[in-house]
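Listed below, chain by chain, are the residues.
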Amino acid sequence: MIPLLSKTLTIPSLPLLRLTLTPHSLLTRFTSTPTPTQTRPMSSDSTQRVFQLKLDPLTGNSEWVIIEDGNKEEEETFKSSSHALLATTSYLDMLNDDTRNRAFREAIDKTITKPCHVLDIGAGTGLLSMMAARAMGTCDDSKKGMVTACESYLPMVKLMRKVLNLNGMGKNVKIFNKRSDELQVGIDIPSRADVLVSEILDSELLGEGLIPTLQHAHDMLLVDNPLTVPYRATTYGQLVESTFLWKLHDLSNNEEEASDGIRLVPAGLDTILCVKAKQHPMHCDAISKEINLLSEPFKIFEFDFWKRPDSQGDSKLLIKATNDGRIHAVVSWWILQLDSEGTIFYSTAPRWITSPIATHTGNWCDHWKQCVWFIPGEGIPISKGEEVHLHAVHSDTSVSYNLATQATEIRECDSIAGDSHLTLSPERIAIYGDRKWRSCMLTALNNLLQARVHPLCVVADDSVFLSLLVAHLSKTSNVIALFPGLRERGVQYLKAVADVNGITADRIEVFQKKKYLTLNDTKQKKVDLLIGEPYYYGNDGMLPWQNFRFWKERTMLDSVLAEDVLVMPCKAMLKACAMSLPDLWKSHRCLSKIEDFDHSIVNNTLGACGDLPAPLEGPLLPFFIWQCGETKELSETFTIMEFDFSKSIGPCYGKAQVEFTEQGMCHGFVLWIDWVMDAKNSVVLTTGPDERYWKQGVKLLSQPVAVGGRGSSTGNCCSTLIEASFDPSSGELAVKHVWS
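Definitions and limits used
Residues numbered from 1 in each chain as written. Predicted model: local features only at pLDDT ≥ 70, side-chain atom pairs only at ≥ 80, totals over all residues. Heavy atoms only, no water. UniProt positions renumbered as here; feature names shortened; annotations may be inferred. Helix = DSSP H or I, 4+ residues; strand = E, 2+ residues; numbered from the N terminus. Contact = heavy atoms within 4.5 Å. Areas by Shrake-Rupley, 256 points an atom, 1.4 Å probe, with all protein chains shown as cover. 1 Å grid on protein atoms, 1.4 Å probe; cavity = no way out; pocket = protein on both sides within 12 Å on 5 of 7 lines; lining within 4 Å. Points joined across faces, edges and corners; volume = space filled by probe spheres on them. Nonpolar A, V, L, I, M, F, W, Y, C, P; charged D, E, K, R; others polar. Domains from an automatic or database assignment. Pairing = 2+ DSSP bridges. Axes fitted to C-alpha atoms, helices over the stretch in contact; angles between N-to-C directions. Parallel < 35°, antiparallel > 145°, perpendicular 65-115°, else oblique. Left-handed = near helix turned anticlockwise from the far one by under 90°. Patch = residues over 30% accessible without salt bridge, like charges linked within 9 Å, V, L, I, M, F, W, Y side chains within 5 Å. Salt bridge = Lys/Arg side-chain N within 4 Å of Asp/Glu carboxyl O. Lys, Arg positive; Asp, Glu negative; His and termini not counted. Charge placed at Lys NZ, Arg CZ, Asp CG, Glu CD.

An unreviewed UniProt entry annotates the protein chain as Protein arginine N-methyltransferase originating from Populus trichocarpa. According to UniProt, the comment filed for the protein chain under the heading Sequence similarities (unreviewed entry) is "Belongs to the class I-like SAM-binding methyltransferase superfamily. Protein arginine N-methyltransferase family. PRMT7 subfamily."

Structure (structure tokens):
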């Protein structure tokens, strides 16, 4: 699957082209952490034609792909490409959330008791629109009612039409392929709507543009005092101590114990390399045993859907500590009140919260998580009974916090470092602060440099760490950093920290041309060392083998490499493990009926697993396995195939016979890459399920299979053959299995 960038280009019926950049407010459902594998809708005009930007992960190049409505040839193209378009979104997970679906259905049935005009913003597959139409169908004189479904993303509009027709509701719901702020009363719809049903919420609540969407709807599309489902949303928070969370953002203090002599965050430049100051979605239940709760839950903000919200707001709270500790983060969540009477609720609270309206039903879901706001630096020390001042501020699309005690004031991560300031993902910050990881890199590089006296070293990826480390270890080396993703940002960062690390400005050159490196660029000197972690800026959410861009880069640089060039990593191994993943499988299983509405037609498009017609299979998807609810390893780790980076990139094939060692239900296979850093295999960096800072790839089975070790008397399956092939033209990995 070639992933899609988060841009679309809208083409009107006139010859003029226009690129429309919309606010985040009216986007359809995507995963909560934007990555290059995701897409975002933009404005659509009457022709309903968009260009989707498609990214090749092996080259970083992109191309525009047309998605058009009402054209038979384009419809066939959509059928073949829609699987890649929507499989990485969280629509499927959301539609499999029975608790959410039931709560909305109950609230809609309770709210819509007479014929009226219902507006559904961000309609998706049309589930809420169909619920509203059905609720009116039970009313007297229901023909006077109408449902308007507004959905800006064309691929989802095409899917919604199919769902509506499958359920015999094509005439009950009028669809508009527009953003809601493009909808006009008197032109598109005859009158203002009496009822708003909408679910444009992300893990933070506001990130999908709830506030500007409601503002425009109340100003232009709704009657005064409309009915709404949901009725109200309330955000809550709790102060916590967690060493794990601290390591995800405080590189300055964590790298102090590293023995390599490199300072990525020099003293006085605490914010030069940090995590973006925002709420980060995370399954906090997965680390509940590592969290020390330092306060009772507290209410932060309340948002009423039935009235126009303010763009800005703040909340000043005085919170009493319930335990001794150090405040590393604010964990937050929200609770929806779906009906006006306050009898129907939905909560994203972690399981340790025992409030009656926040009690968890046992459902694990990935489309909504808790959020974590990191307290900069080492956090705030606190004693039981001591009071903390918390100042929460919300904008149109986000919430931020500032905390202080009587003795402490905390400065947020800001742009104090100017143009050299870099923000990285929490996991990347944690990796750069990890002593074990840095020690492995140090050992591997020392081994390489022993064989070279005056090496020319090319850092092929976006590793600022390796660029500095090579120059630090070898005073006679010349380093060229390609920085394909960081580019100018990487240049400015290196300028800011090189001197502090004892490296002169001429020791590291950043190659900024768009074409590939040539001998003219190296002054006719061949490259002795080609190295990478590998890491590419912005690719944090991609599948593990999509970092094989390093292999592609190595191939394109072949003409400038010395015959005896040393490559690090020298090879990669595709590793896997059979696992029980009941929560993840349930959230991605095939859909049938949702609150009595047939959704089976969306399964292939949304990348579902289970009961797909042959030869269709569910896609490989990236996940942090440690955050995937209940998990259990059912086999030993096994190697499927190896990739030799001393050679040019090419097709690869491998297979492995898997013997099950534990009894249980197998829901799929988890795959990852082990990077072999040196030819002696003495330094191997694994990115497997036990490593929390990397995502793994998951291949879910069509149906769970009962397995057990050999000699088991249960009759369960005891082994399977796994086959995998790698396509160097697309970077796609195909995985198949045969049960035995």
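### Notes on the overall build of the protein chain
What the protein chain contains, in helices and strands, is 14 helices and 39 strands. Here the contacts in the protein chain between residues at least 6 apart in sequence split such that 79% fall between residues at least 24 apart. Summed over its atoms, the accessible surface of the protein chain is roughly 29,400 Å², and 49% of this surface lies on carbon and sulfur atoms.

### Description of empty space enclosed by the protein
For the coordinates displayed, the defined rule picks out 8 cavities of 30 Å³ or more. Of the pockets and cavities examined, the largest cavity occupies roughly 390 Å³. For the largest cavity, the lining is made up of 25 residues, of which R428, P534, D540, N547 and W694 are closest to its centre. When its residues are assigned to classes, the lining of the largest cavity shows 14 nonpolar, 6 polar and 5 charged. Inspection of the lining of the largest cavity shows a minimum of three residues originating in each of domain 3 (434–568) and domain 4 (571–739).

### Details of the sheet that holds strand β20 (residues 387–394)
Spatially, 3 strands are ordered β14-β20-β21 in an open sheet, and the strand pairing comes out antiparallel. Of all the strands in the sheet, the pair left with one neighbour each is β14 (313–320) and β21 (399–404). When strand polarity is set aside, the average angle formed by the axes of neighbouring strands in this sheet is 20 degrees. Pairing between β20 and β21: 6 bridges, direction antiparallel.

### Brief notes about the packing of helix α10 (residues 435–449) against helix α11 (residues 464–473)
Viewed as axis vectors pointing N to C, α10 and α11 meet at an angle of 50 degrees, and their least axial separation amounts to 11 Å. Classified by the angle between their axes, α10 and α11 sit oblique to one another. The crossing of α10 and α11 is right-handed. Of the residues in α11, those touching α10 at W437, R438, M441, L442, L445, N446 and L449 are F465, L466, L469, V470 and L473. Split into classes, the residues belonging to the contact of α10 with α11 amount to 10 nonpolar, 1 polar and 1 charged.

### Quick notes on a negative patch on the surface
Residues E633, E636, E662 and D690 make up a contiguous surface patch of negative charge. In this structure, E633 sits in strand β32 (residues 632–633).

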